[in-house]
Amino acid sequence: LGLPACRPPGRPPTVLLLQRPRRALGNLEQVVAQLKEMGLRPEVQVMEADVPFAVQARFWSEADLVLTVHGSGLTSQLWLPPHACVVELFGPGFLNSLYIQLAMSRGLCYFPLVTFSELTAIDCMLSHDCCKERKAGDARVTAVQ
């Protein structure tokens, strides 16, 4: 696929922020602004079903840090460079170890982050599908130095 092995010299670290139709950061603009203030290079990618495989692989291969809501898109961490880190966002009352195992098998650093929303863990369990019940704005992240 002709993917780069490492970040070009002089380029600030790239943070890949994945937005998917049903799983997205609610305060994306604020997160992007804070990442820029920290001297990082945020790249927002909307992953729709029709994005070609090679394009998706390139997004991931150029990232130094990935910040995304939990979901099957994290299987693409196979394309991350060896120095990359993954921050996986979870809703309240939910934590899944599937993608940490993939990150560990590649030697990547990995951080799970449980977010807060208006729904409680009980609401999620009763609905049988938290993701369908949540609004796009529920996953809120504040980047801190």
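In this text the structure is predicted, and so the values were computed from the model without any measurement. (Residues numbered from 1 in each chain as written. Predicted model: local features only at pLDDT ≥ 70, side-chain atom pairs only at ≥ 80, totals over all residues. Heavy atoms only, no water.)

Enquirer: Mind showing me how you'd approach the packing of aromatic side chains here?
Expert: Between two aromatic rings, the relevant description is the distance of the centres plus the angle of the planes. The full count for this structure, using the stated rule, is one aromatic pair. Each ring, one from Phe 53 and one from Trp 79, has its centre 5.5 Å from the other, and the planes form 75 degrees; the classification is edge-to-face. Of this pair, Phe 53 sits in helix α2 (residues 53–61) while Trp 79 sits in the loop between β3 (65–69) and β4 (85–90), and the two are 26 residues apart along the sequence. Residue classification places Trp 79 among the partly exposed positions, given a relative accessible area of 31%. (Phe/Tyr/Trp six-rings, centres within 6.5 Å; stacked < 30°, edge-to-face > 60°. Helix = DSSP H or I, 4+ residues; strand = E, 2+ residues; numbered from the N terminus. Buried < 20%, exposed > 50% of the residue type's maximum accessible area, 1.4 Å probe, protein only.)

Enquirer: I tried to follow the state of the cysteines on my own but got confused; where do I start?
Expert: What we call a disulfide is simply a covalent bond connecting the sulfur atoms of a pair of cysteines. On inspection of all chains with the given rule, the structure shows one disulfide. What pairs with Cys 85 in a disulfide is Cys 109, and their sulfur atoms sit 1.6 Å apart. Pair noted here: Cys 85 is in strand β4 and Cys 109 is in strand β5 (residues 109–114), with a separation of 24 residues, a long-range link. Classification of Cys 85 by relative accessible area gives buried; the value is 18%. (Disulfide = S-S within 2.5 Å.)

Enquirer: What exactly am I supposed to notice about a nonpolar patch on the surface here?
Expert: A grouping of Phe 53, Leu 78 and Trp 79 is seen on the molecular surface, where their side chains present a nonpolar patch of about 300 Å² in accessible area. Following the sequence through the fold, Leu 78 ends up in the loop between β3 and β4. Judged by relative accessible area, Leu 78 falls into the partly exposed class, the value being 48%. (Patch = residues over 30% accessible without salt bridge, like charges linked within 9 Å, V, L, I, M, F, W, Y side chains within 5 Å. Areas by Shrake-Rupley, 256 points an atom, 1.4 Å probe, with all protein chains shown as cover. Salt bridge = Lys/Arg side-chain N within 4 Å of Asp/Glu carboxyl O.)

Enquirer: Sorry if this is basic, but what is going on with the confidence of the model for the protein here?
Expert: Reading fine detail from the predicted coordinates is not recommended where pLDDT is low. Per-residue confidence for the protein gives a mean pLDDT of 75; residues scoring 70 or more make up 74%. For the protein, the element scoring lowest by mean pLDDT is helix α5 (residues 130–133), at 40; helix α3 (residues 98–106) scores highest, at 89. Across residues 118–145 the pLDDT falls below 50, and counting only partners more than four positions away or on other chains, this stretch makes 47 contacts in the model. (pLDDT = per-residue confidence, 0-100. Contact = heavy atoms within 4.5 Å.)

Enquirer: I tried to follow α2 on my own but got confused; where do I start?
Expert: Residues three or four positions apart in an α-helix share a direction because the helix packs 3.6 residues into each turn. Of all the residues in α2, the buried ones are Ala 57, Trp 60 and Ser 61. All buried residues of α2 project into a common sector of 95 degrees when viewed along the axis, lining one side. Those residues of α2 hidden inside the fold are in contact with β1 (14–19) and β3. (Arc of directions from axis to C-beta.)

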